[in-house]
Amino acid sequence: GAERLGCSGCGPARCRQFKCVFTDADTVNPEVMLFCSVCGCEADKHAVCPAWSNDQDASERRRRAEEASRRREREHQQHQH
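Residues numbered from 1 in each chain as written. Predicted model: local features only at pLDDT ≥ 70, side-chain atom pairs only at ≥ 80, totals over all residues. Heavy atoms only, no water.

## Looking at the overall build of the chain
A count of helices and strands for the chain gives two helices and two strands. When its helices and strands are written in sequence order, the chain yields β-α-β-α. Taken over the C-alpha trace, the chain has a radius of gyration of 20 Å; the compact-globule value for 81 residues is 12 Å, which it surpasses by more than 25%. Every one of the 81 residues in the chain was classed for burial, and the buried ones make up 16%. Excluding contacts between residues fewer than 6 apart, the proportion of contacts in the chain whose partners are at least 24 apart in sequence is 47%. Positive and negative charge centroids in the chain, built from 13 and 13 side chains respectively, lie 5 Å apart. (Helix = DSSP H or I, 4+ residues; strand = E, 2+ residues; numbered from the N terminus. Rg over C-alpha atoms; globule rule 2.2 N^0.38 Å. Buried < 20%, exposed > 50% of the residue type's maximum accessible area, 1.4 Å probe, protein only. Contact = heavy atoms within 4.5 Å. Lys, Arg positive; Asp, Glu negative; His and termini not counted. Charge placed at Lys NZ, Arg CZ, Asp CG, Glu CD.)

What follows is the structure, given as structure tokens:
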């Protein structure tokens with residue numbers, strides 16, 4: 001999941017970063033997974049970290065570029081035969 005910042009509900013002085021502590025059995029329980037284990041506020045009270053989001057976007061752009069390159073290479077090889 002996304003890395004999230006401090007809580008906008010109770011303030012970053014009380015909760016500096018979203019954390020979710022859970023057991024394997026809790027992974028399908030929204031009552032656990034959608035709330036911060038530090039402050040108890042909802043996940044949407046914790047903004048997604050911009051640096052994390054930028055890294056994810058850059059990874060996706062690299063993945064797409066690599067796929068396109070492989071596709072072009074396959075097409076080029078097919079036309080040579």
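After that view of the structure, there is still more to cover.
## Observations regarding the environment of alanine 68
In this fold, alanine 68 is placed in helix α2 (residues 50-80). A relative accessible area of 15% means that alanine 68 is categorised as buried. With 37 residues separating them along the chain, alanine 68 and glutamate 31 place their C-alpha atoms 41 Å apart.

## Examining the pattern of salt bridges
The tally for this structure, following the rule as stated, stands at three salt bridges. Close ionic contact of glutamate 60 with arginine 64 constitutes a salt bridge, the shortest N to O distance being 3.0 Å. In this pair, glutamate 60 and arginine 64 both sit in helix α2, four residues apart, roughly one turn of the helix. Given the relative accessible area of 27%, glutamate 60 is considered partly exposed. Among the ionic pairs, arginine 63 bridges to glutamate 67, the shortest N-O distance being 2.4 Å. With arginine 63 and glutamate 67 both in helix α2 and four residues apart, the pair spans about one turn of that helix. The structure contains a network of salt bridges with shared partners spanning Glu60, Arg63, Arg64 and Glu67. (Salt bridge = Lys/Arg side-chain N within 4 Å of Asp/Glu carboxyl O.)

## Comments concerning the nonpolar core
Cys7, Cys15, Phe18, Cys36, Cys39, Cys41 and Ala43 form the largest nonpolar core, which has seven residues in total. Contacts of cysteine 41, omitting those with residues within four sequence positions, involve Cys7, Cys10, Leu34, Phe35, Cys36 and His46. (Core = buried A, V, L, I, M, F, W, Y, C linked by side-chain atoms within 4.5 Å.)

## Some remarks on a positive patch on the surface
Together, Arg70, Arg71, Arg72 and Arg74 make up a positively charged patch on the protein surface. The residue arginine 74 is located in helix α2 in this model. (Patch = residues over 30% accessible without salt bridge, like charges linked within 9 Å, V, L, I, M, F, W, Y side chains within 5 Å. Areas by Shrake-Rupley, 256 points an atom, 1.4 Å probe, with all protein chains shown as cover.)

## Description of the side chain of histidine 46
Residue placement: histidine 46 occurs in strand β2 (residues 46-48). Contacts of histidine 46, omitting those with residues within four sequence positions, involve Arg4, Leu5, Gly6, Cys7, Cys15, Gln17, Phe18, Cys36, Cys39 and Cys41.

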